Amino acid sequence: MGSAPEVLAQRSCGKLIGTRFLQYLNGGPLSFKTHQAIVLIVTFFAYASYHATRKTTSIVKSVLDPQSSAIGLTFFPFRPTNFTESNGSKTLSSNLGDGWAPFNGSDGTSLLGQLDVAFLAVYAFGMYFSGHFGDRCNLRIFLTVGMIGTGLFTSLFGVGYWGNIHNFYYYLIVQMIAGLFQSTGWPSVVAVVGNWFGKSKRGLIMGIWNAHTSIGNIAGSLIASAMLSYGWGWSFVVPGLMTAFVGLVVFLILPVTPESVGAREEDEFSCPIKSGEEAAEPLLRQETPVEEKEAVGFIEAWKIPGVAPFALCLFFAKLVAYTFLYWLPFYVSHTAIDGKYLSSGTSGTLSTLFDVGGVLGGILAGHISDHLEARAITAASFMYCAIPALFFYRSYGHVSLIVNGALMFVTGMFVNGPYALITTAVSADLGTHKSLKGNSRALATVTAIIDGTGSIGAAVGPLLTGYISAKSWSAVFTMLMAAALIAGLLLTRLVVSEVATKIEESRYNRAQDCSFNV
């Protein structure tokens, strides 16, 4: 029979099958840092798979609706540019085919926009409830159910291809249910990461970790584009199955909190027991969490300083980001670049540069905000920089593939930078705000409020684009620039507060230097 430390280590750390397997490979208990690495890696792939399933719709749009009318080729208020072939006709790639009813009719663009808004509206609605439940239940189980459900209903959308389904309401209902399952993801992964990482360098760590959004978009674009040649149904089924698989990995291996596996940051191993008297402490922590306070309510979470302005800012930031997420490949395929129109697959591949720029933007925003200790200043600055980036991409993206890709990259960096910062480090900071007096059971709720509010904007942007783009893509970009401006202005009070704090700190430091010199 093993010693007390060995028995307790097995009881506190051996519940997860994946953890037991890793312990076997490791030859002993896992260190705290190893658990942190597991959390980062598993949650990274979990949310990347969520975004991979979201991206598929934007790639398949040009196949479902390959209409060749001059969509959005009027250029008010920008100067006219050459978006037609030399003979004045617009010729789309023959790979587009005849489309898929009911999306290949004259109202196909608006129908696709309705799918987007239905998905995102249910996603935003479900987000508020997901945060509430997330702070009150086992996040590992909650996330697993969400991922398997997401994978199932993403695949069911693709099943419409083999089932020869042309009923719009089938796709609408499937998208809405998929949106509900997807709403479980973000509050869960942010809460888990927030449980394992303190505020030190949180912006940089979460900025790097938040690359899962862009990586997921890129992977979804590449997979969906590659599958188009086999039938557009595969563009949904493959990412759906991948998401369900990652959900099983989450169930097997993800430790939700250090207490759930008896881990202590100051100890070398995850379940260190040094004496018989100390042995009962981790065991009690396993069964009864250290934090006995009740989860923070929905209204109380809104009252936390900073939650409302950042939530409203994210409304407009995600309006811009998700318009690109859902419509960029479609826009590229209907825009003459150097006098030529790209196929759906090529357009989808090119659009990944927006997400590549987003990876860099998220990391830069996190690092800068850590260095300046000013989240609002960083987020607002990026949003203001996004305005000229959007203008130049719209005005000069047609010149050549290189110019289009470069401007798309820069636009992605400034658009996704603040989006990534607010949904990660800012949400985690506010979820552990000093006004909560040590109550950690607000992370999922605060995250859900901020991202849920942002998701309403994410629904509004693609919906408006579906209608506005039929008349003018320039009007769409004008809308996006206005949204970026409003997003920055909403943080003005917080920016002023941070600037005032920096000035006071500077004066204090100068006074200290003068006193030392004297």
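The rules we used
- Residues numbered from 1 in each chain as written.
- Predicted model: local features only at pLDDT ≥ 70, side-chain atom pairs only at ≥ 80, totals over all residues.
- Heavy atoms only, no water.
- UniProt positions renumbered as here; feature names shortened; annotations may be inferred.
- Helix = DSSP H or I, 4+ residues; strand = E, 2+ residues; numbered from the N terminus.
- Polar contact = N/O pair within 3.5 Å; in protein donor to acceptor, adjacent residues only side chain to side chain.
- Core = buried A, V, L, I, M, F, W, Y, C linked by side-chain atoms within 4.5 Å.
- Buried < 20%, exposed > 50% of the residue type's maximum accessible area, 1.4 Å probe, protein only.
- Domains from an automatic or database assignment.
- Contact = heavy atoms within 4.5 Å.
- Salt bridge = Lys/Arg side-chain N within 4 Å of Asp/Glu carboxyl O.
- Expected span 1.5 Å × (residues − 1).
- Patch = residues over 30% accessible without salt bridge, like charges linked within 9 Å, V, L, I, M, F, W, Y side chains within 5 Å.
- Areas by Shrake-Rupley, 256 points an atom, 1.4 Å probe, with all protein chains shown as cover.
- Phe/Tyr/Trp six-rings, centres within 6.5 Å; stacked < 30°, edge-to-face > 60°.

- The name given to the protein chain in an unreviewed UniProt entry is Putative glycerol-3-phosphate transporter 1 isoform A, with Glycine soja as the source organism.
- Taken verbatim from the UniProt record of the protein chain, the Sequence similarities (unreviewed entry) comment is "Belongs to the major facilitator superfamily. Organophosphate:Pi antiporter (OPA) (TC 2.A.1.4) family."
- Taken from UniProt, the Subcellular location (unreviewed entry) comment for the protein chain reads in full: "Membrane".

**Brief notes about the side chain of Thr-335**
Reasoning step 1: By the secondary structure assignment, Thr-335 is in the loop between α13 (307-333) and α14 (344-350).
Reasoning step 2: Within the structure, Thr-335 has its side chain in polar contact with the backbone oxygen of Tyr-331 (distance 2.6 Å).

**Some words on the nonpolar core**
Reasoning step 1: Residues Trp-232, Phe-324 and Val-332 are the most contacted members of the largest nonpolar core, which totals 87 residues.
Reasoning step 2: Looking at this core element by element, the count peaks at 20 residues for α13.
Reasoning step 3: Residue contributions to this core reach at least three from each of two domains, namely domain 1 (13-70 + 100-256) and domain 2 (292-512).
Reasoning step 4: Sequence-distant contacts of Val-332, that is, excluding residues within four places in its chain, are made with Ile-337, Leu-342, Ser-347, Leu-350, Tyr-393 and Met-408.
Reasoning step 5: If you look at the next biggest cluster of nonpolar residues, it comprises 34 residues, including Trp-186, Val-246, Ala-444 and Ala-448.

**Brief notes about the pattern of salt bridges**
Reasoning step 1: Applying the stated criterion across every chain yields a total of 5 salt bridges.
Reasoning step 2: One salt bridge connects Lys-61 with Asp-116, and the closest N-O pair in it is separated by 2.5 Å. In this pair, Lys-61 sits in helix α3 (residues 32-64) while Asp-116 sits in helix α4 (residues 108-134), placing the two residues 55 residues apart along the sequence. With respect to burial, Lys-61 and Asp-116 carry one shared label: buried.
Reasoning step 3: Here Arg-375 makes a salt bridge to Asp-370, at a shortest N to O gap of 2.9 Å.

**Re helix α9 (residues 211-227)**
Reasoning step 1: With 17 residues, α9 should cover 24 Å at 1.5 Å per step; its first-to-last C-alpha distance of 24 Å lies within 8% of that length.
Reasoning step 2: Burial analysis of α9 places 13 of its 17 residues in the buried class, the great majority of the element.

**Remarks on helix α15 (residues 352-372)**
One full turn of an α-helix is made of 3.6 residues, so residues set three or four places apart face in the same direction.
Reasoning step 1: For α15, built from 21 residues, the straight-helix expectation of 30 Å at 1.5 Å per residue is met to within 8% by its first-to-last C-alpha distance of 30 Å.
Reasoning step 2: Along α15, the positions that sit buried rather than exposed are Thr-352, Phe-354, Asp-355, Gly-357, Gly-358, Val-359, Gly-361, Gly-362, Ala-365, Gly-366 and Ser-369.

**What about the environment of Asp-451?**
Reasoning step 1: The residue Asp-451 is located in helix α18 (residues 443-468) in this model.
Reasoning step 2: Once you skip the residues sitting within four places of it in the chain, Asp-451 turns out to touch Tyr-123, Met-127, Trp-186, Leu-314, Lys-318 and Thr-423.
Reasoning step 3: Of note is the side chain of Asp-451, whose polar atom sits 3.3 Å from the side chain of Tyr-123.

**Here's the deal with a nonpolar patch on the surface**
Reasoning step 1: Taken together, the side chains of Ile-17, Ile-141, Val-145, Phe-251 and Leu-252 make up a nonpolar region of the molecular surface, amounting to roughly 400 Å² of accessible area.
Reasoning step 2: Within the fold, Ile-17 resides in helix α2 (residues 17-26).

**Remarks on the packing of aromatic side chains**
Reasoning step 1: Here the structure, examined in full by the defined rule, presents 35 aromatic pairs.
Reasoning step 2: A centroid spacing of 5.5 Å and a plane angle of 45° characterise the contact between Tyr-47 and Tyr-50, whose relative ring orientation is tilted. Remark: Tyr-50 and Tyr-47 occur in helix α3; sequence separation between them is 3 residues, near one turn of the helix. Pair check on accessibility: Tyr-47 and Tyr-50 agree, each one buried.
Reasoning step 3: Between Tyr-161 and Trp-162, the ring centres sit 5.4 Å apart and the planes meet at 80°, which makes this aromatic pair edge-to-face.
Reasoning step 4: The exposure class of Tyr-161 is partly exposed, given its relative accessible area of 29%.
Reasoning step 5: Exposure remark for Trp-162: the relative accessible area of 43% places this residue in the partly exposed category.

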